[in-house]
Protein chains: 2
Amino acid sequence: MNTLDYGDPMTAVRPYHHGNLRSTLLREAENVLGERGVEGLSLRELARTAGVSNSAPRRHFADKTALLDALAEEGYERLGRRLDAALKTAEGDVTARLVVFARTYVEFAVEHRALLPLMHRPKSEARDDALSAANDRAFAAPLRLLHEARDRGDIAPDTSGRVDMTLLALLQGLTVLVATGMNGDLPLDTLVTGCIETLMAGLRPC
Amino acid sequence: MNTLDYGDPMTAVRPYHHGNLRSTLLREAENVLGERGVEGLSLRELARTAGVSNSAPRRHFADKTALLDALAEEGYERLGRRLDAALKTAEGDVTARLVVFARTYVEFAVEHRALLPLMHRPKSEARDDALSAANDRAFAAPLRLLHEARDRGDIAPDTSGRVDMTLLALLQGLTVLVATGMNGDLPLDTLVTGCIETLMAGLRPC
DNA sequence: GCCTCAATGTATTCATTGGATACATTGTAG
DNA sequence: CTACAATGTATCCAATGAATACATTGAGGC
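Residues numbered from 1 in each chain as written. Chains lettered and ligands numbered in written order. Predicted model: local features only at pLDDT ≥ 70, side-chain atom pairs only at ≥ 80, totals over all residues. Heavy atoms only, no water.

Engineer: Break down the overall build of chain A for me, citing the residues and quoting the values.
Structural biologist: Along its length, chain A carries eight helices and zero strands. Put simply, chain A runs from its N terminus to its C terminus through helices and strands in the order α-α-α-α-α-α-α-α. With 206 residues in all, chain A has 47% of them scored as buried. Accessible area of chain A: about 10,300 Å², with a carbon and sulfur share of 50%. (Helix = DSSP H or I, 4+ residues; strand = E, 2+ residues; numbered from the N terminus. Buried < 20%, exposed > 50% of the residue type's maximum accessible area, 1.4 Å probe, protein only. Areas by Shrake-Rupley, 256 points an atom, 1.4 Å probe, with all protein chains shown as cover.)

Engineer: I'd love a proper account of the protein's contact with DNA strand D, names of residues and values included.
Structural biologist: Neighbouring DNA strand D are 26 residues, the closest being A:Arg44, B:Ser53, B:Ser55, B:Arg59 and B:His60. Among atoms of DNA strand D positioned within 4 Å of the protein, sugar and phosphate together represent 53%. A:Arg58 is positioned such that a nitrogen or oxygen atom in its side chain is 3.4 Å from a base nitrogen of DNA strand D. In the environment of DNA strand D, a phosphate oxygen lies 2.6 Å from a nitrogen or oxygen atom belonging to the side chain of B:His60. (Near = heavy atom within 4 Å. Polar contact = N/O pair within 3.5 Å; in protein donor to acceptor, adjacent residues only side chain to side chain.)

Engineer: Describe the interface of chain B and chain A, naming the residues involved and giving the relevant values.
Structural biologist: Frequently, the measure chosen for interface size is the accessible area removed from exposure when the parts meet. Across the boundary between the two partners, chain B contributes 52 residues, which contact 53 residues of chain A. In total, about 4,500 Å² of surface goes out of reach between chain B and chain A, with carbon and sulfur atoms giving 69% of it. Looking only at chain B, the three residues that lose the most surface to chain A are B:Arg162, B:Met165 and B:Leu203, adding up to 16% of its buried area. Remark: the boundary between chain B and chain A carries four salt bridges. Secondary-structure elements contributing two or more residues to the side of chain B that touches chain A are helix H6 (129–151), helix H7 (162–179) and helix H8 (188–201) of chain B. Take the side of chain B that touches chain A: its biggest share by element is 13 residues, from H7(B). By residue class, the composition of the side of chain B that touches chain A is 24 nonpolar, 17 polar and 11 charged. (Contact = heavy atoms within 4.5 Å. Buried area = accessible area lost by both parts, 1.4 Å probe. Salt bridge = Lys/Arg side-chain N within 4 Å of Asp/Glu carboxyl O. Nonpolar A, V, L, I, M, F, W, Y, C, P; charged D, E, K, R; others polar.)

Engineer: If you had to explain the environment of B:Ala149 to someone new, which residues and values would you point to?
Structural biologist: Residue and element names in this part refer to chain B. Tracing the chain through its elements places Ala149 in helix H6. You can call Ala149 buried: its relative accessible area is 0%. On a C-alpha basis, the gap between Ala149 and Arg97 in space is 9.8 Å, while along the polypeptide they are 52 residues apart. In this structure Ala149 touches Val94, Asp154 and Ile155, once residues within four positions along its chain are discounted.

Engineer: Kindly report on the side chain of A:Thr180, identifying the contributing residues and their values.
Structural biologist: All names here are of chain A. Locating Thr180 in the fold gives a position in the loop between helix H7 (162–179) and helix H8 (188–201). On the accessibility criterion, Thr180 (7% relative accessible area) is buried. A distance of 3.2 Å separates a polar atom in the side chain of Thr180 from the backbone oxygen of Leu177.

Engineer: Mind laying out the protein's contact with DNA strand C, listing which residues take part and the relevant values?
Structural biologist: In the vicinity of DNA strand C, 26 residues are found, and the nearest of them are A:Ser53, A:Ser55, A:Arg59, A:His60 and B:Arg44. A share of 51% of the atoms of DNA strand C within 4 Å of the protein falls on sugar and phosphate groups. With respect to DNA strand C, the side chain of A:Ser55 contributes an N or O atom lying 2.7 Å from a base nitrogen. Within the side chain of B:Arg48, an N or O atom sits 3.4 Å from a phosphate oxygen of DNA strand C. Counting residues per element, the surface near DNA strand C draws most heavily on helix H2 (residues 43–49) of chain B, which supplies three residues.

Engineer: Account for the environment of B:Phe108, with residues named and values stated.
Structural biologist: Residues and elements named next belong to chain B. Examined against the element boundaries, Phe108 turns out to sit in helix H4 (residues 94–111). A relative accessible area of 1% places Phe108 in the buried class. Once the C-alpha coordinates of Phe108 and Leu83 are considered, the two residues, 25 residues apart in sequence, prove to be 9.3 Å apart. Apart from residues lying up to four places away in sequence, Phe108 is in contact with Gly75, Arg78, Leu79, Arg82 and Met119.

Engineer: Tell me what's going on with the relation of the copies chain B and chain A, and back it up with residues and numbers.
Structural biologist: Under the fitted operation, chain B is carried onto chain A by 0.0 Å of movement along the axis and a turn of 180°, and the coordinates agree to an RMSD of 0.1 Å. The relationship between the two copies is best expressed as a two-fold rotation axis. By residue overlap, the copies meet face to face through one surface: 100% of the interface positions of chain B are interface positions in chain A. (Least-squares fit on C-alpha atoms with pLDDT ≥ 70 in both.)

Engineer: Let's hear about the pattern of salt bridges: which residues, and what values?
Structural biologist: When the charged atoms of two side chains with opposite charge come close together, those side chains can pair. Summed over the entire model, instances satisfying the criterion amount to 19 salt bridges over all chains. With a closest N to O distance of 3.3 Å, A:Asp154 and A:Arg152 form a salt bridge. Look at A:Asp154 and you get partly exposed, because its relative accessible area is 31%. Among the salt bridges present, the one from B:Asp189 reaches B:Arg103, with a minimum N-O distance of 2.8 Å.

Engineer: Describe the packing of helix H4 (residues 94–111) of chain A against helix H6 (residues 129–151) of chain A, and please don't skip the residues or the numbers.
Structural biologist: Residue and element names in this part refer to chain A. Between H4 and H6, whose axes approach to 11 Å, the crossing angle comes to 175°. Taken together, the axes of H4 and H6 are roughly antiparallel relative to one another. Where H4 approaches H6, its residues Val94, Arg97, Leu98, Phe101 and Tyr105 are matched on the opposing element by Phe139, Ala141, Pro142, Leu145, Leu146, Glu148 and Ala149. Residue classes in the contact of H4 with H6 are distributed as 10 nonpolar, no polar and two charged. (Axes fitted to C-alpha atoms, helices over the stretch in contact; angles between N-to-C directions. Parallel < 35°, antiparallel > 145°, perpendicular 65-115°, else oblique.)

Engineer: Go over H4(B) with me, naming the residues and quoting the values.
Structural biologist: Between its terminal C-alpha atoms H4(B) stretches 26 Å, which fits the 26 Å expected from 18 residues at 1.5 Å a residue. In terms of residue burial, H4(B) counts as a mostly covered element, since 13 of its 18 residues are buried. (Expected span 1.5 Å × (residues − 1).)

Next up, the structure:
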């Protein structure tokens, strides 16, 4: 371990090794990303902010793309944990549980609006396998909830998987809507609840 | 007009003025964008491809962002025209008309998958006013269809506008799903039809 | 206790980029 | 035919992504 001199910041001796450069870079990258977008993100600037040399980040991320991929993957993991936690405490009928799910999902999208575009990277751009896997895992959760409800007869059967896709699309679309601010002044909770209830009830006149 | 020598490409005299640099740049930009994403897009490379100097593009787009905004706006206009055209020929009940609408929308998203992320730019990044307006216009169309159907009593009334948001979210989500390839091997037409029908019927067991 | 070695940072270099500024060429309207 | 606005060009600069060679560190085997 190095001798650190915290007395005078001007002459403070920084240890040769940062300690947790990787996570520091990721955290700061998410900040910058939220403020200035992908174009405004510079590896060198991240290095400067972390008080480290130009090429240090390369030890952790071979590439700018690699950093973005890591950020996206981390995003899926965080999302997954929050969804699991939320579902554990969710009670009530299918609608209520779906609302909890959707709300958690949309809240995450709002808090990490910088991450979503990375997570939704179109498949045309070559994707990390790990990223694809994380994607699948995240979307497996709502589907599980739906299938369990179907097994209990709480919702109509679905032979073709089209209903599943509808829920997925609705969730995805909600995040985009909220991220782009298209919900106007409609409170987030009202929006989500309304969408799920609408999906449950259908559009046909009663 | 300049004298052009098309005989020998090596010594061909190019006119001082390109003629339609702006649209050439936009077209080529969309190509590159589809292949290599925003990061892989370079103004200079566009200039080279167009056979024009480094700084020529600046006459038409003050900024790289300006080019992207123009691309997004153009995208909304094209989308609007296609939606209008599709709706004119659409016949049948609400479901059928909604399906036509959704299919047109998703088809556009697939054909121009490079454009969608630009069009869905989060509001946190300062947006061109023209872009916001184009956005509103594009989303006004499906809402109009929905409201007309409601006036005729084809779908249930909606006091809070939550149903409207549900349709919007579903449309948005569909494009994201398709763009990221999450539909798997499900044919596009089946997917869209299934989603709209599911939305009409609702999830509740019959 | 010492030595090797893998992990992690640093120093330096290079081509490319976005952007700015001053200048050249053109068609056109008066 | 001349002045001018539009459109390209030439040239410069700081910053970036990326690559390569070198330095520092701590941990594990001896």
